[in-house]
Amino acid sequence: MTLEILTPDKSLFNGEVESVLLPGSSGTFEILNNHAPIVARLKAGTLKVRSKEGNQNFEIKGGIVEMLDNKIVVLA
Amino acid sequence: MANLKEVRVRIKSVSSTQQITKAMKLVSATKLRRAQTAIMQMRPYAQKLQGIMQNVGDNIDSPELKSYFSQRKVQKVLLVIITSDRGLCGGFNANVGKMGRTLITEKYKDIYDAGKLDMMFIGKKGQEFFNKYKNIKQITDFRDLFQNLNSDGAFAAAEWILQSFANKEYDVVEILYNGFKNAATQILTNEQMLPVVKTKSAGATTSKNDYIFEPDKTEILEDLIPRSLKTQLYKACLESFASEHGARMISMDKATENAGDLINELKLQYNQARQASITKELSEIVGGAAAMAS
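Basis of the calculations
- Residues numbered from 1 in each chain as written.
- Chains lettered and ligands numbered in written order.
- Predicted model: local features only at pLDDT ≥ 70, side-chain atom pairs only at ≥ 80, totals over all residues.
- Pairing = 2+ DSSP bridges.
- Helix = DSSP H or I, 4+ residues; strand = E, 2+ residues; numbered from the N terminus.
- Axes fitted to C-alpha atoms, helices over the stretch in contact; angles between N-to-C directions.
- Contact = placed C-beta atoms within 7 Å.
- Core = buried A, V, L, I, M, F, W, Y, C linked by C-beta atoms within 7 Å.
- Buried ≥ 20, exposed ≤ 12 C-beta atoms within 10 Å, placed from the backbone.
- Nonpolar A, V, L, I, M, F, W, Y, C, P; charged D, E, K, R; others polar.
- Expected span 1.5 Å × (residues − 1).
- Arc of directions from axis to C-beta.

## Section: the sheet that holds strand 2 (residues 117–122) of chain B
All names here are of chain B. An order of 3-2-1-4-5 is seen for the five strands of this open sheet, with the pairing classed as mixed. If you trace the sheet from one side to the other, it starts and ends with strand 3 (137–139) and strand 5 (185–194), each paired once. Between one strand axis and the next, the sheet turns through 25° on average, direction left out of account. Contacting strand 1 (77–82), strand 2, strand 4 (172–182) and strand 5, helix 3 (residues 92–107) runs over the sheet at an angle of about 150° to strand 4.

What follows is the structure, given as structure tokens:
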């Protein structure tokens, strides 16, 4: 599945990932491949991306995530 | 016939002016490119935000959300005037100023007369323009946004506006700025920021996808709507910034061209004067020699 992390200033990440750990407003949760369509609110925290190339962390100040057809978009 | 030395001094001063305008043009061209990239990078964010908002739908239940759409009786107005920090960019700032003045004297005349019209300035020039209107309360907390333009600054300004609107300090908020079309064209824009003008979504386009909403639709909208409003202000700032450099580039290009014309004219004058003085000298010598010979 693909992940895009966008901020108003620039795109932080765009690529193929295996899983994403997100700081949801009502608790941290993880999105894996073929997750059901979801729109969730995020609070400030760390966003952990796991991909074949290795792991990457992003600090966000809250935002929105949308997952649809194995495409994740994070608006931070 | 003009004095030789005078003309020479003028040529020198005009050509140093030309150097300055040429340099300013080049600087603006570079800044314009950077500003355009910033707009480009903002665009996917805005588009995705719009997309998600459409998917979530717009059934608004919570009172907090309703307030963004509430059409109150217009008693207090906030105009957000987005201009540049510096001049020398043609009619760029004057156009926004003129538009603001039209709003004061026509649409919001009564409110202005009652002293209930405030202005928020983003960019220094706008403030200079309205300094003589003593009836207007000036909000300058975010005036220097352009010195380091990023989303944080613009979002903070937008947050302030949203707060004031929620506290009923203002009933209408409008943004005045130069929209960016291309380097040579600015579109003078007047947007209503608050209350949010509902755009008619084409029919009931509730998506077929069965989304999970976490925690629920209302809470997500409570994040999405302010976020899109802040993005709107940030976009206006970015566009104005790009327009500014476009306008300055064009006006400096014209100035360079005019200086070139002026230099050509002065050179012609200089050469004529030089030729005249040589001719005069020659005829004096010839006249002198003829007098001696006779």
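## Here's the deal with the nonpolar core
Residues and elements named next belong to chain B. Formed by 78 residues in total, the largest nonpolar core has its most connected members in Val80, Leu233 and Cys237. Ranked by the residues each element gives to this core, the list is headed by helix 7 (residues 217–293), at 14 residues. In this structure, leucine 233 is in contact with Ala154, Ala157, Ala158, Ile175 and Met193, ignoring residues within four places of it in sequence.

## Description of the interface of chain B and chain A
Residue-level contacts link 24 residues of chain B with 20 residues of chain A. Those elements that place two or more of their residues in the side of chain B that touches chain A are helix 1 (4–56), strand 6 (212–214) and helix 7 of chain B. For the side of chain B that touches chain A, the element with the highest residue contribution is helix 1 of chain B, accounting for nine residues. Here the residues of the side of chain B that touches chain A are counted per class, giving 13 nonpolar, six polar and five charged.

## Here we look at the pairing of strand 6 (residues 54–68) of chain A
Residues and elements named next belong to chain A. Sheet analysis places strand 5 (residues 38–51) next to strand 6, joined by 13 bridges and oriented antiparallel. If you follow isoleucine 38 over to strand 6, its bridge partner there is methionine 67. Two successive antiparallel strands, strand 5 and strand 6, enclose a turn made up of two residues. Sheet analysis places strand 6 next to strand 7 (residues 71–75), joined by five bridges and oriented antiparallel. Paired with leucine 68 across the strands is lysine 71, a residue of strand 7. Between the antiparallel neighbours strand 6 and strand 7 lie two residues, among them aspartate 69 with a positive phi of about 50°.

## With respect to the environment of glycine 260 of chain B
All names here are of chain B. Looking at the secondary structure, you find glycine 260 in helix 7. Exposure remark for glycine 260: the 14 C-beta atoms within 10 Å place this residue in the partly exposed category. Taking the C-alpha atoms as reference points, glycine 260 and valine 14, 246 residues apart in sequence, are found 8.5 Å from one another.

## Side note on helix 3 of chain B
All names here are of chain B. Here helix 3 spans 22 Å end to end across 16 residues, near enough to the 22 Å set by a 1.5 Å rise per residue. If you check which residues of helix 3 are buried, you get Phe92, Asn93, Val96, Gly100 and Ile104. Along the axis of helix 3, the buried residues cluster in a sector spanning 110°; they form a single face. Facing away from the buried side of helix 3, by more than 90 degrees, are the exposed residues Thr102, Thr105 and Glu106.

## Structural notes on the pairing of strand 5 of chain A
Bridging between strand 3 (residues 19–24) of chain A and strand 5 of chain A involves four bridges; their strand directions are antiparallel. Of the residues in strand 5 of chain A, the one forming a bridge with valine 20 of chain A is valine 49 of chain A. Relative to strand 6 of chain B, strand 5 of chain A runs parallel, the two being bridged by three bridges. The partner of isoleucine 38 of chain A across the bridge, within strand 6 of chain B, is isoleucine 212 of chain B.

## Points about unusual backbone geometry
Trans is the prevailing form of peptide bonds, just as negative phi is the prevailing case for residues other than glycine. Of note, the amide linkage connecting leucine 194 of chain B to proline 195 of chain B takes the cis form, showing an omega dihedral of -10°. The topology assignment puts proline 195 of chain B in the loop between strand 5 and strand 6. Going from glutamate 214 of chain B to proline 215 of chain B, the amide bond is cis rather than trans, its omega being -5°. The phi dihedral of aspartate 69 of chain A falls on the positive side, at around 50°, and the residue is not glycine. The topology assignment puts aspartate 69 of chain A in the loop between strand 6 and strand 7. Unlike most non-glycine residues, leucine 88 of chain B shows phi in positive territory, near 55°. Residue position: leucine 88 of chain B is located in the loop between strand 1 and helix 3.

## Remarks on helix 1 of chain B
The terminal C-alpha atoms of helix 1 of chain B lie 77 Å apart, and with 53 residues this matches the ideal 78 Å at 1.5 Å per residue to within 8%. Listed in full, the buried residues belonging to helix 1 of chain B are Val7, Met24, Ser28, Leu32, Ala35, Ala38, Met42, Tyr45, Leu49, Ile52 and Val56 of chain B. Summarising the contacts, the buried residues of helix 1 of chain B are in contact with strand 1 (2–6), strand 5, strand 6 and strand 7 of chain A together with helix 7 of chain B.

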